[in-house]
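Residue strings, one per chain:
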Amino acid sequence: MKHNGRLPVAVLGAGLIGVDLAEKIMRSEFLDCGLVVGRDEGTPGLRQAAELGLPIGTRGIESLLEAPEPFAIVFDATNAMAHAEHAERLSLSGTKLVDLTPSKVGRMVIPSVNGEEVLSSDDINMISCGGQASIPILHAITQAHRVDYVEVVTTAASPSVGRSTRLNLDEYIETTQDAVRDFTGVKDVKAILNISPAKPPATFRVAMSMLGEGFGTASVNAAVEAAADRVRSFVTGYRITACVVEETKVFVAAEVTSSGGRIPRYAGNLDIINSAAVHVAERCAAAGLASIGTETS
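On a predicted model such as this, the values are computed, not experimentally measured, just so you know.

The rules we used
Per chain, residue numbering runs from 1 following the sequence as it is written. Residues qualify for local features only when their pLDDT is at least 70, as the model is predicted, and side-chain atom pairs are given and counted only at 80 or more; totals for whole chains, interfaces and linings, by contrast, use all residues. Only hydrogens and water are set aside; all other atoms, that is, all heavy atoms of the structure, feed into the side-chain values. Throughout this description, the term nonpolar core refers to a set of buried Ala, Val, Leu, Ile, Met, Phe, Trp, Tyr and Cys residues connected via side-chain atoms within 4.5 Å. Three exposure classes are used, based on accessible area relative to the maximum for each residue type with a 1.4 Å probe and protein chains only: buried under 20%, partly exposed in between, and exposed over 50%. Any two residues whose heavy atoms approach within 4.5 Å at even a single point are treated as in contact. Strands are labelled as partners when DSSP assigns at least two bridges between them. Where helices and strands are cited, they refer to DSSP runs of H or I of at least four residues and of E of at least two residues respectively, numbered from the N terminus. Here, two cysteine sulfur atoms that lie within 2.5 Å of each other are counted as a disulfide. Convention adopted: a line fitted to C-alpha atoms gives each axis, helices being fitted over their contacting stretch, and angles between N-to-C directions are expressed from 0 to 180 degrees. In this scheme, roughly parallel covers angles under 35 degrees and roughly antiparallel covers those over 145, while 65 to 115 is roughly perpendicular and the rest are oblique. Here a crossing is called left-handed whenever its near helix is offset anticlockwise from the far helix by less than a right angle, and right-handed whenever the offset is clockwise. Any carboxyl oxygen of Asp or Glu within 4 Å of a side-chain nitrogen of Lys or Arg constitutes a salt bridge here.

Colleague: Lay out the nonpolar core in plain terms, naming residues and giving numbers.
Modeller: In this structure, Phe 75, Ile 137, Ile 141, Met 210 and Tyr 238 are the most contacted members of the largest nonpolar core, which totals 79 residues. Sequence-distant contacts of Met 210, defined by excluding residues within four places in its chain, comprise Leu 138, Ile 141, Val 147, Tyr 149, Val 150, Phe 215, Thr 248, Lys 249, Val 250 and Val 252. Counting 12 residues, the second-largest nonpolar core is a separate cluster that includes Ala 67, Phe 71, Val 74 and Leu 90.

Colleague: Tell me what's going on with the pairing of strand E11 (residues 238–245), and back it up with residues and numbers.
Modeller: Bridge count for E11 against strand E12 (residues 249–256) is 7 bridges, and the pairing is antiparallel. Residue Tyr 238 lies in a different strand from E12, and its bridge partner there is Val 256. Between E11 and E12, which follow one another and run antiparallel, lie 3 residues.

Colleague: If you had to explain the state of the cysteines to someone new, which residues and values would you point to?
Modeller: The final tally for this structure, using the stated rule, is 0 disulfides. Between Cys 33, a free cysteine, and Cys 284, which holds the nearest cysteine sulfur, the sulfur-to-sulfur gap is 16 Å. Assessed through its relative accessible area of 8%, Cys 33 is described here as buried.

Colleague: Kindly report on the packing of helix H6 (residues 129–144) against helix H8 (residues 169–184), identifying the contributing residues and their values.
Modeller: Packing of H6 against H8 leaves a shortest axis separation of 9 Å and a crossing angle of 20°. As judged from the angle between their axes, H6 and H8 are roughly parallel. H8 is crossed by H6, and the crossing has right-handed handedness. Taking contact as the criterion, the partners of Cys 129, Gly 130, Gly 131, Ile 135, Leu 138, His 139 and Thr 142 in H6 are, on H8, Tyr 172, Thr 176, Ala 179, Val 180, Phe 183 and Thr 184.

Colleague: Residues and numbers for the pattern of salt bridges, please.
Modeller: Under the definition given, this model contains 14 salt bridges. Residue Arg 89 is joined to Glu 62 by a salt bridge in which the shortest nitrogen-to-oxygen separation is 2.8 Å. Of this pair, Arg 89 sits in helix H4 (residues 80–90) while Glu 62 sits in helix H3 (residues 61–65); the two residues are 27 residues apart in sequence, bridging distant segments of the chain. Judged by relative accessible area, which is 32%, Arg 89 ranks as partly exposed. Of the charged contacts in the structure, one is a salt bridge between Glu 117 and Arg 107, with a shortest N-O distance of 3.9 Å. A residue pair is termed long-range when its members are at least 10 positions apart, and Glu 117 in the loop between helix H5 (111–114) and strand E7 (123–125) and Arg 107 in strand E6 (residues 107–108) qualify at 10 residues. One salt-bridge network, held together by shared partners, links Asp 20, Lys 24 and Asp 271.

Colleague: Can you tell me about unusual backbone geometry, naming the residues and giving the values?
Modeller: Negative phi is the rule for most residues except glycine; trans is the rule for most peptide bonds. The omega torsion across Lys 199 and Pro 200 is 0°, close enough to zero to call that bond cis. Residue placement: Pro 200 occurs in the loop between strand E9 (188–196) and strand E10 (204–213). With phi around 65°, Lys 104 is a residue other than glycine that occupies positive phi space. Residue position: Lys 104 is located in the loop between strand E5 (96–99) and E6. In this structure, Ile 127 takes a positive phi of about 70° despite not being glycine. By secondary structure assignment, the location of Ile 127 is in the loop between E7 and H6.

Colleague: Let's hear about the pairing of strand E4 (residues 73–76): which residues, and what values?
Modeller: Both faces of the sheet carry side chains from a regular strand, because those side chains alternate between them. The side-chain alternation of E4 yields two buried faces, one formed by Ile 73 and Phe 75 and the other by Val 74 and Asp 76. For strand E1 (residues 7–12) and E4, the ladder comprises 4 bridges, and the chain directions are parallel. Note that in E4 the partner of Ala 10 across the bridge is Val 74. Here E4 runs beside E5; their pairing, made up of 4 bridges, is parallel.

Structure (structure tokens):
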């Protein structure tokens, strides 16, 4: 199933996320983007994909099912409500799904925390942009400190939030909260999403507040910096902008700027989830999973 030494993949969804994702895949030494799928030939996303020289499909999931050969990996950049159907219909094709919607259908993965689990799952859920930005930090702090409450406030510029994300705001909040609970063990969690109309557009950021006991400045800072370094290995625009430690409170803020391409620098929300998705797909390809979709768990 490898084309020119690279794994054949497709992108389902041609919105803001899908087009940036396709461009990132084109830069990968492990992945070959063989199709970008939407539902309307006239949409800007499909036009942009065609301008990049990529094959396009206009019939949604049907375009994938009608392809001459199944793709090893399909990135689902549609919406949470549609993903369950896509997973069911593609299950017989032996395709691994990388889900960029907050559907909670597959295994939730944070590459720098549990990236090894992508090798044993046929449906990988990337949670949310806020989850990808915050959970590595939260996980690192909770490994060494008692945390009783976590609050994550995500701010994204309005032009960087597409229609599919706006349709899934409730799912975004619920999935992010569930993922924080799952990766930290903290039960009392609150996630908030702000879509900022500010001009110039606000750079994507997450603010994390924790309540607990026995926080130490040195240990918290060490955990935060180590976690941030691991994220920066595949998201170069990720940086910590604040880390304030008191005995019973911790506040950490992180910011993500886009690494370029067709999305503006402020759209770090798109950059981090797409970079994480490509990273896990490359991990599968590098592991030599030529026949993806077989039972490996």
